[in-house]
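Structural overview
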Number of protein chains: 2
Amino acid sequence: MSAPAPGTQQAMRRRNLSLVLHALAAEDSLSRAAVATRIGLTRAGVSALVDELLRGGLIVELGPGRPGTVGRPGSALALNDQGPCGIGAEIGVDHLAVCVVDLRGAVRARIAVDAANRGRAPGPVLAELDGLLRKITARARREGLTPAGLGVAVPGLVDRDQCVVRAPNLGWRAVDVRQLLATSLPVTVDNEANVGALTELRETQWRDFVHVSAEIGIGAAVVVDGELLRGTHGFAGELGHVPVHPDGPDCACGGRGCLEQYAGEEAVLRACGIPPERAAREHPGPGGRIALLARRAQDGDAAVVTALDGAGTALGIALSGVVNLLDPQAVVLGGALAGLAPWVLPAVERELGTRLADRARTVRLAVSRTAGEGPLLGAAHRVVQSVLDDPAAVARL
Amino acid sequence: MSAPAPGTQQAMRRRNLSLVLHALAAEDSLSRAAVATRIGLTRAGVSALVDELLRGGLIVELGPGRPGTVGRPGSALALNDQGPCGIGAEIGVDHLAVCVVDLRGAVRARIAVDAANRGRAPGPVLAELDGLLRKITARARREGLTPAGLGVAVPGLVDRDQCVVRAPNLGWRAVDVRQLLATSLPVTVDNEANVGALTELRETQWRDFVHVSAEIGIGAAVVVDGELLRGTHGFAGELGHVPVHPDGPDCACGGRGCLEQYAGEEAVLRACGIPPERAAREHPGPGGRIALLARRAQDGDAAVVTALDGAGTALGIALSGVVNLLDPQAVVLGGALAGLAPWVLPAVERELGTRLADRARTVRLAVSRTAGEGPLLGAAHRVVQSVLDDPAAVARL
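Now for a description of the structure that goes with this document. (Residues numbered from 1 in each chain as written. Chains lettered and ligands numbered in written order. Predicted model: local features only at pLDDT ≥ 70, side-chain atom pairs only at ≥ 80, totals over all residues. Heavy atoms only, no water.)

When chain A is fitted to chain B, the best match, at an RMSD of 0.0 Å, comes from turning it 180° and sliding it 0.0 Å along the axis. The superposition operator between the copies reduces to a two-fold rotation axis. Scanning chain A for the C-alpha nearest the rotation axis identifies His-245 of chain A, at a separation of 3.1 Å. Interface overlap between copies: 100% of the residues of chain A at the interface are likewise at the interface in chain B, consistent with a symmetric, same-surface contact. (Least-squares fit on C-alpha atoms with pLDDT ≥ 70 in both. Contact = heavy atoms within 4.5 Å.)

The subject of this paragraph is unusual backbone geometry. Residues apart from glycine generally show negative phi values, whereas peptide bonds are mostly found in trans. Of note, the phi angle at Ala-174 of chain A is positive, near 50°, even though the residue is not glycine. Tracing the backbone shows Ala-174 of chain A in strand β9 (residues 172–175). The exposure class assigned to Ala-174 of chain A is exposed, which follows from its relative accessible area of 60%. Unusually for a residue other than glycine, Asp-225 of chain B sits at a positive phi of about 50°. Secondary-structure assignment places Asp-225 of chain B in the loop between β12 (218–224) and β13 (227–229). A residue is classified by how much of its surface remains accessible, and Asp-225 of chain B, at 48% relative accessible area, is partly exposed. (Helix = DSSP H or I, 4+ residues; strand = E, 2+ residues; numbered from the N terminus. Buried < 20%, exposed > 50% of the residue type's maximum accessible area, 1.4 Å probe, protein only.)

So, about the pattern of salt bridges. Inspection of every chain in the model, using the stated rule, returns 40 salt bridges over all chains. Here Asp-102 of chain A and Arg-108 of chain A are joined by a salt bridge, their closest N and O atoms 2.8 Å apart. Judged by its relative accessible area of 24%, Arg-108 of chain A is partly exposed. Note that Arg-108 of chain B is salt-bridged to Glu-143 of chain B, the shortest N-O span being 2.9 Å. One end of the pair, Arg-108 of chain B, is in strand β5 (residues 107–114); the other, Glu-143 of chain B, is in the loop between α4 (122–142) and β6 (146–154), with 35 residues separating them in the sequence. Given a relative accessible area of 34%, Glu-143 of chain B falls into the partly exposed group. (Salt bridge = Lys/Arg side-chain N within 4 Å of Asp/Glu carboxyl O.)

Facing the 66 residues of chain A at the interface are 66 residues of chain B. In total, chain A and chain B occlude about 5200 Å² of area from one another, counting both sides; carbon and sulfur atoms represent 56% of this. Taken together, the connections running from chain A to chain B amount to zero salt bridges. The tally of links from chain A across to chain B stands at 21 residue pairs in polar contact (both at pLDDT 80 or more). The set of elements that each furnish at least two residues to the side of chain A that touches chain B consists of α1 (9–26), α6 (192–203), β12 (218–224), β13 (227–229), α11 (302–326) and α13 (341–355) of chain A. Of the residues forming the side of chain A that touches chain B, the biggest block, seven residues, is contributed by α11 of chain A. (Buried area = accessible area lost by both parts, 1.4 Å probe. Polar contact = N/O pair within 3.5 Å; in protein donor to acceptor, adjacent residues only side chain to side chain.)

The next thing to look at is the sheet that holds strand β4 (residues 95–102) of chain B. Residue and element names in this part refer to chain B. The sheet built from five strands is open, its strands ordered β5-β4-β3-β6-β10 with mixed pairing. The open sheet has two edge strands, β5 and β10 (187–191), and neither has a second partner. Strand-to-strand twist across the sheet, computed as the mean angle between neighbouring axes with direction ignored, equals 15°. One ladder, built from seven bridges, connects strand β3 (residues 84–91) with β6; its direction is parallel. Following the sheet pairing, Gly-88 is matched in β6 by Gly-151. In the packing of α4 onto the sheet, contacts are made with β3, β4, β5 and β6, and the angle to β4 comes to roughly 25°. Packed onto the sheet, helix α14 (residues 374–389) meets β3, β4, β5, β6 and β10 and runs at close to 150° relative to β3. (Pairing = 2+ DSSP bridges. Axes fitted to C-alpha atoms, helices over the stretch in contact; angles between N-to-C directions.)

Moving on, we get to helix α10 (residues 288–298) of chain B. All names here are of chain B. Taken residue by residue, α10 has Gly-288, Arg-289, Ile-290, Leu-292, Leu-293, Ala-294 and Ala-297 as its buried positions. Close packing links the buried residues of α10 with α8 (265–271), α9 (276–282), α11 (302–326), α12 (336–339) and α13 (341–355). Gly-300 lies just past α10 and shows a positive phi near 85°.

All names here are of chain A. Looking at the element boundaries, Ser-75 is found in the loop between β1 (59–61) and β2 (77–79). Look at Ser-75 and you get buried, because its relative accessible area is 4%. Polar side-chain contacts of Ser-75 include one of 2.5 Å to the side chain of Glu-61. If we skip the residues at most four places from it in the chain, Ser-75 touches Leu-30, Ser-31, Arg-32, Glu-61 and Gly-63.

Here it is in structure tokens:
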């Protein structure tokens, strides 16, 4: 019973401006005629839209010898790589990172620093992030880009008002990141698994998938028909608290035997006989503990190999429920799981194979190729996406 | 990255015709001016659309003394209750049913018969259904209605091509219902939990919910933002095969410890010490076994009360995973579960209460009020919905 948006001339124009941008985003460059064919509008209609977008600095003419200017109607058009851009930021338990992504989706700059954010108050963390943001926006401007907004990825539950309701591994509760940041840019805050999924959406052909993002905790993002499923309160994707063994160990969430109790970083370290506190001390920084586990597994450390197989088994059990419920095209393992895939994946495949019977053949199990940068890039890309979706909201068109 | 539909004049007109119908569906009647305000179009634009819809027989003028005719612009408009209608059909394990629903959503006729369909070949079942369909379409025509299509609800997996891939409790595999039915109407086939959810969508204010539909098996429908989540192959919602105790009893699906092994009808009967085959023989017909269980539970039969509590516990464990993953507004228990709610619900609430901690307060747990008719009515309503969504596809506009 979802009613379509009212078909006023004004709404139609904004929709069509966006259609032109999306057509150009899907290809490197297109002529006006090719754009018209692709989006099903007349040549004349497209020319008028293109003129507006050229004036607004959202696209450029690639005509030989006259880049960036209004050229012959026959010449190729492309998104402007010196126009609006998205700024991304990631608040990790072990690090802070910022980046710039242009309208074409290219990463133009990035800065990452180690930071011991566990248990650190929001104020100092966000003050440090503000410093990085000043640096990266200055760099963006030096590249001729105009920041259109900032997307922030956090390892926690973010509600519909973009407040960080709970980030257990930072120790944050009810933190309004937008209010605490000094930046004057429009800010959107999102869960890391969600923005990481936006990167997978760009990198893969899948439109219906589950993106599992494990760092210290285990989160997931559910993508349906190319869109994030956010849930009523914005809390969808709490895969880490799906019960695996309902009578298992108590979990901080109030439940018992949740996936995080078997496949979360602390559970795996414990299963390997490594006290998590010591590991955090001796192997700080992003990926430190993961590298340690991968090295030991590589060296054939039986305890580590067994622990990772156990994590994969638990993950496979939880995912078989998810696949039964959602029937996705694919499950993508990202974050720490990507780095530990050689030892985790076989058990996941084994569980899906026995529990889904004829269905296991139809769901793809893949490992993210974003090398842990999915959430950061996705946060920036979300800004770019919003420009492509409604350019009139950013540029004066 | 979902691109909006192209904004041609033709597409805009079809969208706007639908907007007018949806505005009238939301209210009993509206003046042209009220429609214009509601959908954000000009008075003149709405008048032209209304004239088309009046000529097409989709709406009527309620002007005093001149019902059903083109009247003064000031008089009230309503959907035509003598226009196109939807025919619904349900193929149950124990029964067959058909109904007629008009554009206003009113049920105008229904026929239901007991039928022992378990293990019966598709041919005879669908031949019997064809007989019922002839009767109900004749009745619809006598009421002055014009059937616009037929929706069929089946207790099984239906793929994107609307083929019944598997209906284990009928014993069907790869059955093309559309090809086997004699009706000349356009036919859509869907899983019973899915069409049942469409009825809940009409009856409740929820737009994000999970509809659990238990008969012999346990299915579910996931509704996101007012739309059914169908899954890549159309198989989403297989709640009955979410693992509850991963090392539990073998399930026909190939897995172990699936929800159906604890909360399916056969599992519950067995837990009560009632052989399922005998129960099926002695209590045939829709709801026969459910009535038996409800009666015994009412009489304080400890084995039955314990078995239903066990079913609720398993359901609560599976649902806590679902709520963590999807963050719905509500979970609606339909089908057999609705009839057994007094004995099943407390255990479900208990599990959600401990496993979701602060989240349990935010998700509503409700019992369907459709008295088992949700799938049948939803199947008919799906046809009505398609008329409201694109009237130009049905009437010559």
